[in-house]
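Observations on the model geometry
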Amino acid sequence: MKNESTFIDVPAESSSAMKGKSPLIGVAKDHTTGGYNRGLSIFDFLLRLAAIVAASVAAGTMFTSDETLPFFTQFLQFEAGYDDLPTFQFFVIAMSMVAGYIVLSLPISVVTIVRPLAAAPRLLLLVLDTAIMGLTMAAASSAAAISYVAHNGNQNTNWLPICQQFGDFCQKTSGAVVSSFVAVVFFMILVVLSGVALKRH
């Protein structure tokens with residue numbers, strides 16, 4: 001006798017049908033990540049606009065902080081200006097560079113909005129923002145130290161406070177220092193945003 005074999009034909013699911021089902025989860029995930037990163041990029045762009053204002057105000061206020069006392073002698077005139085102190089000169093140059101950098105970084109920030117899943121522009125911004133944040137913090141800290149001495153003096157070194165005589169000068173320099181620290185805070189937030197966006201790639 002011949003052995004009879006029974007074959008059951010099970011229709012295999014076509015590869016096209018499988019391709020139609022499997023990517024759905026990945027597409028949804030990419031869409032969610034892209035939307036989240038785009039929101040971070042828009043916030044990044046707005047923070048850069050605010051940092052431009054803070055850095056420009058700091059540089060401009062310090063640059064225009066000159067004050068001349070109304071009384072003077074035949075051979076002596078009492079005047080105070082940012083260019084009398086190398087630290088304040090460094091502050092003006094550094095904050096001007098910071099403002100210029102932020103302006104140049106705006107197109108890269110726009111690229112991260114258009115292409116939220118692109119890692120290279122975000123990584124570039126992270127590296128440059130960290131370096132510029134260090135420059136901003138150095139300028140702000142050094143100017144804050146000089147401003148403190150101008151307000152309070154130093155008895156150990158016989159440095160007398162000058163803000164009682166040059167009130168407008170000290171007020172403008174203090175305002176510039178505050179504005180520079182606001183820029184430092186903005187850069188800290190920008191660095192954190194870039195790190196979070198890169199982590200979600």
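Predicted model only: the values in this text are computed from it and were never measured. Sequence order as written defines the numbering, with residues in each chain counted from 1. This being a predicted model, a pLDDT of at least 70 is required before a residue's local features are given, and a value of 80 or more before pairs of side-chain atoms are given or counted; all residues contribute to the totals for chains, interfaces and linings. Values shown for side chains rest on all heavy atoms present in the structure; no hydrogens or waters enter the calculation.

1. Here we look at the overall build of the protein
Stated precisely, the cut-off is as follows: Numbered from the N terminus, helices here are DSSP runs of H or I no shorter than four residues, and strands are runs of E no shorter than two. Each residue gets one of three labels from its accessible area relative to the maximum for its type: buried under 20%, exposed over 50%, partly exposed in between, using a 1.4 Å probe on protein chains only. When checking whether two residues touch, look at their non-hydrogen atoms; a contact exists if any pair is within 4.5 Å. Only the protein chains shown count as cover for residues, and the accessible areas themselves come from Shrake-Rupley with a 1.4 Å probe.
Each helix and strand counted, the protein has 5 helices and 2 strands in total. Going through the 201 residues of the protein one by one, you find that 34% of them count as buried. Considering only contacts in the protein between residues 6 or more positions apart, those separated by 24 or more positions represent 79%. For the protein, the accessible area works out to roughly 12500 Å², and carbon and sulfur atoms hold 68% of it.

2. Quick look at the packing of helix H4 (residues 119–152) against helix H5 (residues 167–199)
Quick reminder of the rule: Think of each axis as a best-fit line through the C-alpha atoms, taken over the contacting stretch in the case of a helix, with angles from 0 to 180 degrees between the N-to-C directions. Any angle that is under 35 degrees is reported as roughly parallel, and any over 145 degrees as roughly antiparallel; angles of 65 to 115 degrees are reported as roughly perpendicular and all others as oblique. Crossings are sorted by hand: turned counterclockwise from the far helix by less than a right angle, the near helix makes the crossing left-handed, and turned clockwise it makes it right-handed. Under the grouping applied here, Gly and all other residues not named as nonpolar or charged are polar, the nonpolar ones being Ala, Val, Leu, Ile, Met, Phe, Trp, Tyr, Cys and Pro and the charged ones Asp, Glu, Lys and Arg.
One can describe the packing of H4 onto H5 by two numbers: an axis separation of 8 Å at closest approach and a directional angle of 155 degrees. Taken as axis vectors, H4 and H5 run roughly antiparallel relative to one another. With respect to the hand of their crossing, H4 and H5 are arranged in left-handed fashion. Class assignment for the residues of the contact of H4 with H5 results in 21 nonpolar, 10 polar and 2 charged.

3. Some words on the UniProt feature "transmembrane region" (unreviewed entry) in the protein
To be explicit about the condition: UniProt positions are given in the numbering used here, feature names are shortened, and annotations may be inferred rather than shown by experiment.
The positions UniProt marks with the feature "transmembrane region" (unreviewed entry) are residues 45–63, 88–111, 123–150 and 176–198. For the annotated span residues 88–111, helix accounts for 100% and strand for 0% of the residues, and the straight-line distance between the end C-alpha atoms is 35 Å.

4. Focus on a nonpolar patch on the surface
The condition that has to hold: Without a salt bridge and with relative accessible area above 30%, a residue can belong to a patch; like charges are then joined within 9 Å and nonpolar side chains (Val, Leu, Ile, Met, Phe, Trp, Tyr) within 5 Å. Salt bridge criterion: a side-chain nitrogen from Lys or Arg within 4 Å of a carboxyl oxygen from Asp or Glu.
A surface patch of nonpolar side chains, amounting to about 490 Å² of accessible area, comprises Ile-42, Phe-43, Leu-46, Leu-49, Val-185 and Ile-189. Elements represented by at least two residues in the nonpolar patch include exactly helix H2 (23–63) and H5. For Ile-42, a relative accessible area of 40% corresponds to the partly exposed category.

5. Observations regarding H4
Which entries qualify depends on this criterion: To estimate how far a helix should reach, multiply one less than its number of residues by 1.5 Å.
Between its first and last C-alpha, H4 extends 48 Å over 34 residues, near the 50 Å set by a 1.5 Å rise per residue. Directly after H4, the chain includes Gly-153, whose backbone phi takes a positive value near 70 degrees.

6. Quick word on the nonpolar core
Test applied: Side-chain atoms within 4.5 Å link the members of a nonpolar core, which is a set of buried Ala, Val, Leu, Ile, Met, Phe, Trp, Tyr and Cys residues.
By size, the foremost hydrophobic cluster in this structure holds 41 residues, and its most contacted members are Met-62, Phe-91, Met-95, Ile-102 and Phe-187. Elements represented by at least two residues in this core include exactly H2, helix H3 (86–114), H4 and H5. Looking at this core element by element, the count peaks at 11 residues for H5. For Ile-102, the residues in contact, after removing those within four places along its chain, are Arg-48, Ala-51, Ile-52 and Phe-187.

7. What to know about the environment of Arg-48
Which entries qualify depends on this criterion: Any pair of N or O atoms that falls within 3.5 Å is considered a polar contact. Within protein, one atom must be able to donate a hydrogen and the other to accept it, and sequence-neighbouring residues count only if both atoms are side-chain atoms.
Summarising the element assignment, Arg-48 is placed in helix H2. Between the alpha carbons of Arg-48 and Ser-109 there is a distance of 8.7 Å; along the sequence they are 61 residues apart. Residue contacts for Arg-48: discarding those within four places in its chain leaves Tyr-101, Ile-102, Ser-105, Leu-106, Ser-109, Leu-125, Asp-129 and Leu-190. A polar contact is formed between the side chain of Arg-48 and the side chain of Asp-44, at a distance of 2.6 Å.

8. A closer look at the pattern of salt bridges
Tallying each qualifying case throughout the model produces 3 salt bridges. Where Arg-48 meets Asp-44, a salt bridge forms, and the shortest distance between an N and an O atom there is 2.6 Å. Taken together, the residues Arg-48 and Asp-44, both in helix H2 and 4 residues apart, mark about one turn of the helix. Using a relative accessible area of 0% as the deciding quantity, one classes Arg-48 as buried.

9. Describing the confidence of the model for the protein
Rule in force here: One number per residue, pLDDT, summarises how confident the predictor is, and it ranges from 0 to 100.
On average, residues of the protein carry a pLDDT of 81, and 77% of them reach 70 or more. The least confident element of the protein, judged by mean pLDDT, is helix H1 (residues 15–21) at 46; the most confident is H3 at 94. Across residues 10–29 the pLDDT falls below 50, and counting only partners more than four positions away or on other chains, this stretch makes 3 contacts in the model.

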